[in-house]
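# Inside the fold
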Amino acid sequence: KFAGWMLEYGKDVLLVTERKEDVETARRYLVRVGFDRIRGYLCEGIEDWQNRGMPLEKSGVDTVSGLYEKLKEKKDMFLLDVREKEEYAAGHIPGTVNIYVGELEKILDEIPSDRPVISICSVGNRGGLGASILSRHVYPEVYNLLGGTIAWKRKGYPIES
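A brief structural summary. (Residues numbered from 1 in each chain as written. Predicted model: local features only at pLDDT ≥ 70, side-chain atom pairs only at ≥ 80, totals over all residues. Heavy atoms only, no water.)

Relative to the helices and strands, Ser122 is located in the loop between β6 (117-120) and α6 (125-136). Of note is the side chain of Ser122, whose polar atom sits 3.4 Å from the side chain of Glu87. The residues touching Ser122, leaving out its near neighbours within four places in the chain, are Arg83, Glu87, Gly147, Gly148, Thr149 and Ile150. (Helix = DSSP H or I, 4+ residues; strand = E, 2+ residues; numbered from the N terminus. Polar contact = N/O pair within 3.5 Å; in protein donor to acceptor, adjacent residues only side chain to side chain. Contact = heavy atoms within 4.5 Å.)

The following block contains the structure:
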């Protein structure tokens, strides 16, 4: 779904899947939107890559309980909600700034790099993508909120509309 936002046309693509049978499905979807330079794949996922001693980069993660405690302690953080505007308007964690994940790279100057950034979505998928984008642009301290706003609401933490 986010290939058009993340990949550059004309560049080679390497697929990372958990199962070999997922490669053809991913390839088919990418070709449909114009990404036809698929040069290879890594099956067995990232864990297999790591177990082979290959290099990895990572961003951090945080839990809703951990974030809640940091907010109570008034830690200086930038809370970035990467969901669509309608999702954000329906309810968000107080103090978050809404920038859709697909627009992040166009407006990086609106995101401070001098303090931790917490990337937030509904459950953590787009939040992870947002964290990855910021890490790629050398933001020194980036976290994905695991469980996102759904987990936040389930814990009974405050929500703004």
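Back to the text.
Take the packing of aromatic side chains next. The full count for this structure, using the stated rule, is 4 aromatic pairs. Between Tyr9 and Phe35, the aromatic rings sit 4.2 Å apart at their centres with planes inclined by 5°, giving stacked as the arrangement. Of this pair, Tyr9 sits in the loop between α1 (3-6) and β1 (13-16) while Phe35 sits in the loop between α2 (21-32) and β2 (38-42), placing them 26 residues apart in sequence. Among the residues examined, Tyr9 registers a relative accessible area of 54% and is labelled exposed. Here Tyr68 and Tyr157 contribute two aromatic rings whose centre-to-centre distance is 4.0 Å and whose plane-to-plane angle is 5°, an arrangement assigned as stacked. Here Tyr68 is found in helix α4 (residues 64-72), whereas its partner Tyr157 is found in the segment after α7 (148-154), with 89 residues between them in sequence. Residue classification places Tyr68 among the partly exposed residues on the basis of a relative accessible area of 25%. Take Tyr157: its relative accessible area is 15%, and that puts it in the buried class. Taken together, the ring pairs connect Tyr68, Trp152 and Tyr157 into an aromatic cluster. (Phe/Tyr/Trp six-rings, centres within 6.5 Å; stacked < 30°, edge-to-face > 60°. Buried < 20%, exposed > 50% of the residue type's maximum accessible area, 1.4 Å probe, protein only.)

Time to look at the pattern of salt bridges. Within the structure shown, the criterion is met by 14 salt bridges. A salt bridge links Glu24 to Arg27, with the nearest nitrogen and oxygen atoms 2.6 Å apart. Of this pair, Glu24 and Arg27 are both found in helix α2, 3 residues apart, which corresponds to roughly one turn of the helix. On the basis of relative accessibility, which here comes to 38%, the residue Glu24 falls in the partly exposed class. Judged by its relative accessible area of 31%, Arg27 falls in the partly exposed class. Here Glu87 makes a salt bridge to Arg126, at a shortest N to O gap of 2.7 Å. Pair noted here: Glu87 is in helix α5 (residues 85-90) and Arg126 is in helix α6, with a separation of 39 residues, a long-range link. Each of the salt bridges in this network shares a partner with another, and the network as a whole consists of Asp12, Arg37 and Arg39. (Salt bridge = Lys/Arg side-chain N within 4 Å of Asp/Glu carboxyl O.)

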